[in-house]
Amino acid sequence: MDIILDSYPFGGCNTSLDAFNFNKIVITLPSEKLNGRFTFGFYKKMEIHEPIAIDANDYVYKAVKFANDIKLREQIENKIKDKKYLLFEEKESIETWKEMLINLSS
């Protein structure tokens, strides 16, 4: 596939992570509910903003743009490749969970 569309309003989590693992773009339109904001949060963590739509028209525009503009698509795929470690090798969450579990057992 060239791009993935994040389903609205539910959104993806594991599917988006799978896509990022293969350096693929997920076009997302964040919803107001938590389950529709995971992909948005992943992009924020990676500091990538181009595939995040602001409304339904922008979602369609970005989907068509990234599907047809190979150079732009490759630029964003390279950004994902370079920054996905921020998702997959992130240590801060592990330490936070560890501290919480230690505090709960005390």
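Here goes a summary of the coordinates provided. (Residues numbered from 1 in each chain as written. Predicted model: local features only at pLDDT ≥ 70, side-chain atom pairs only at ≥ 80, totals over all residues. Heavy atoms only, no water.)

With respect to the overall build of the protein chain
Helix and strand counts for the protein chain stand at six helices and two strands. N-terminal to C-terminal, the α/β element order of the protein chain is β-α-β-α-α-α-α-α. Principal axes of the C-alpha set define a box for the protein chain whose edges measure 55 × 30 × 20 Å. The buried share among the 106 residues of the protein chain stands at 37%. Pairs at least 24 residues apart make up 58% of the contacts formed inside the protein chain by residues separated by at least 6 positions. Put simply, the protein chain shows about 7200 Å² of open surface, and 57% of that area lies on carbon and sulfur atoms. Here the protein chain carries 15 positive and 17 negative side-chain charges, and the mean point of each set is 2 Å from the other. (Helix = DSSP H or I, 4+ residues; strand = E, 2+ residues; numbered from the N terminus. Buried < 20%, exposed > 50% of the residue type's maximum accessible area, 1.4 Å probe, protein only. Contact = heavy atoms within 4.5 Å. Areas by Shrake-Rupley, 256 points an atom, 1.4 Å probe, with all protein chains shown as cover. Lys, Arg positive; Asp, Glu negative; His and termini not counted. Charge placed at Lys NZ, Arg CZ, Asp CG, Glu CD.)

Remarks on the side chain of Thr-39
With respect to the helices, strands and loops of the structure, Thr-39 is situated in helix H2 (residues 38-46). A distance of 3.3 Å separates the side chain of Thr-39 from the backbone oxygen of Gly-12, its partner in a polar contact. Each residue touching Thr-39, except ones within four places of it in the same chain, is listed here: Asp-6, Gly-12, Ser-16, Phe-20, Val-26 and Thr-28. (Polar contact = N/O pair within 3.5 Å; in protein donor to acceptor, adjacent residues only side chain to side chain.)

Some remarks on the packing of aromatic side chains
A complete count under the given rule lists two aromatic pairs for this structure. Taking 6.4 Å as the distance between ring centres and 85° as the angle between the ring planes, the aromatic pair formed by Phe-20 and Phe-42 counts as edge-to-face. Here Phe-20 is found in helix H1 (residues 14-21), whereas its partner Phe-42 is found in helix H2, with 22 residues between them in sequence. Summarising the aromatic geometry, the rings of Phe-20 and Tyr-43 are spaced 5.0 Å apart at their centres and angled 65° between planes, so their arrangement reads as edge-to-face. Of the two residues, Phe-20 is situated in helix H1 and Tyr-43 in helix H2; the sequence distance between them amounts to 23 residues. Of the two residues, Phe-20 and Tyr-43, neither departs from the other in class, the shared state being buried. An aromatic cluster is present here, built from Phe-20, Phe-42 and Tyr-43 joined pairwise through their rings. (Phe/Tyr/Trp six-rings, centres within 6.5 Å; stacked < 30°, edge-to-face > 60°.)

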